Amino acid sequence: MTSRTQGTRADGTDNSARQHHGNRHGRSERARLAVLEAADDLLVEKGFTGVTMEGIAARAGVAKQTIYRWWSTKTDVLMDAFLQDAVEDLIPLDSGDLALDLRDYLRRLAHFLGSSDSGAVFRALIGQAQHDPVFAADFRSRWLDAQRRRDRLPLERALRGGRLPADLDIATETDQLLGPLYYRVLVTAQPVDDAFTDGLVDAFLRRHGPIPPAAS
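Predicted model, so just to flag it, every value in this text is computed and none were measured.

### So, a nonpolar patch on the surface
Judged by side-chain polarity, Tyr183, Leu186 and Val187 come together as a nonpolar surface patch covering roughly 300 Å² of accessible area. Since its relative accessible area comes to 55%, valine 187 is described here as exposed.

Structure, rendered in structure tokens:
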């Protein structure tokens, strides 16, 4: 898990500029970030059932009441921790080269979901969603919609630039590119290595282009 308390974010902003000494309720941004990091670390070490609000508070060095000011359950804490990491780590490149951008994005997404600490949180949340319909709806609305927009970005950019067929069904093609990745991460536990994700990109490019630039 990347540190949230110092350095720069993936979008180039300085984390230190986001820290403050709290508001009128005494809530500290530094404490909030420590709670999110503690929740991630505990999940990796102990699994979902081993994470408790008491344990998070002890690891973060804050009072349990401080956590309850922001979150009602450990699932809420883990959800916010996951969302923050997803925004930081899953922004597609925009190099102008569709093949390069897709290969880079699928490789990073595969690592994020299958190998990173944040991926462990993701898998735990997916498991929780299977028997908690209220949480499942919240998870989809807070993460899936935004993630789908990120997933579509490389194809949308290429389409606007005339490098893909104008009638391309972006939603369907995104599913075909990424669906096998999620299937391996969540169902079969087979490796999701660079060769696998590159093969998904190659299959897409064989079907649809990209269209070469028009001659001047």
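Still to come is the rest of the account.
### Observations concerning the packing of aromatic side chains
A complete count under the given rule lists 10 aromatic pairs for this structure. Pairwise contacts between aromatic rings join Phe82, Phe112, Phe122, Phe135, Phe139, Trp143 and Tyr182 into one cluster. Over the ring of phenylalanine 48 we find lysine 74; its NZ or CZ atom is 4.3 Å from the centre of that ring. When the ring centre of phenylalanine 196 is taken as reference, the NZ or CZ atom of arginine 184 above it lies at 3.9 Å.

### A look at helix H5 (residues 74–89)
Taking 1.5 Å of rise per residue, 16 residues should cover 22 Å, and H5 covers 23 Å from first to last C-alpha, within 8% of that figure. Judged by how many residues are buried, H5 sits mostly within the fold: 12 of 16 residues are covered. Burial in H5 covers these residues: Lys74, Thr75, Val77, Leu78, Met79, Ala81, Phe82, Leu83, Gln84, Asp85, Ala86 and Glu88. Lining the buried residues of H5 we find helix H2 (29–46), helix H3 (53–60), helix H4 (64–70), helix H6 (98–114), helix H7 (117–129) and helix H8 (133–160).

### Remarks on unusual backbone geometry
Positive phi, normally seen in glycine, also occurs at alanine 189, with a value near 60 degrees. Positionally, alanine 189 belongs in the loop between helix H9 (170–188) and helix H10 (194–208).

### A short note on the nonpolar core
Core analysis: the largest hydrophobic core is formed by 57 residues, its most contacted members being Ile56, Ile67, Val77 and Phe204. Elements with a minimum of two residues in this core: H2, H3, H5, H6, H7, H8, H9 and H10. The element best represented in this core is H6, accounting for nine residues. With residues up to four places along the chain from it excluded, the contact list for valine 77 reads Val35, Leu36, Ala39, Met53, Ile56, Ile67 and Trp71.

### Examining the layout of surface pockets
For the largest pocket, the calculated volume is near 360 Å³. Forming the boundary of the largest pocket are 18 residues, of which Phe122, Ile126, Trp143, Leu144 and Tyr182 lie nearest the centre. Considering each element in turn, the lining of the largest pocket owes the most residues, eight residues, to H8. Across the lining of the largest pocket, the residue classes break down as 10 nonpolar, four polar and four charged.

### Notes on the pattern of salt bridges
Per the counting criterion, the structure on display carries 13 salt bridges. Ionic pairing is found between arginine 32 and glutamate 29, a salt bridge with its closest N-O pair at 3.1 Å. Residue arginine 32 and its partner glutamate 29 are located together in helix H2, separated by three residues, close to a single helical turn. Glutamate 29 shares its class with arginine 32; the two are buried. In this structure, aspartate 94 engages arginine 157 in a salt bridge whose closest nitrogen and oxygen atoms are separated by 3.8 Å. On the criterion of sequence distance, the pair formed by aspartate 94 in the loop between H5 and H6 and arginine 157 in helix H8 is long-range, its members being 63 residues apart. Note on aspartate 94: relative accessible area 55%, which makes it exposed. Residue classification places arginine 157 among the buried positions, given a relative accessible area of 18%. Here the salt bridges share partners, and the residues they tie into one network are Asp80, Asp138 and Arg142.

Conventions used here
Residues numbered from 1 in each chain as written. Predicted model: local features only at pLDDT ≥ 70, side-chain atom pairs only at ≥ 80, totals over all residues. Heavy atoms only, no water. Patch = residues over 30% accessible without salt bridge, like charges linked within 9 Å, V, L, I, M, F, W, Y side chains within 5 Å. Areas by Shrake-Rupley, 256 points an atom, 1.4 Å probe, with all protein chains shown as cover. Salt bridge = Lys/Arg side-chain N within 4 Å of Asp/Glu carboxyl O. Buried < 20%, exposed > 50% of the residue type's maximum accessible area, 1.4 Å probe, protein only. Phe/Tyr/Trp six-rings, centres within 6.5 Å; stacked < 30°, edge-to-face > 60°. Lys NZ or Arg CZ within 6 Å of the ring centre and 35° of its normal. Helix = DSSP H or I, 4+ residues; strand = E, 2+ residues; numbered from the N terminus. Expected span 1.5 Å × (residues − 1). Contact = heavy atoms within 4.5 Å. Core = buried A, V, L, I, M, F, W, Y, C linked by side-chain atoms within 4.5 Å. 1 Å grid on protein atoms, 1.4 Å probe; cavity = no way out; pocket = protein on both sides within 12 Å on 5 of 7 lines; lining within 4 Å. Points joined across faces, edges and corners; volume = space filled by probe spheres on them. Nonpolar A, V, L, I, M, F, W, Y, C, P; charged D, E, K, R; others polar.

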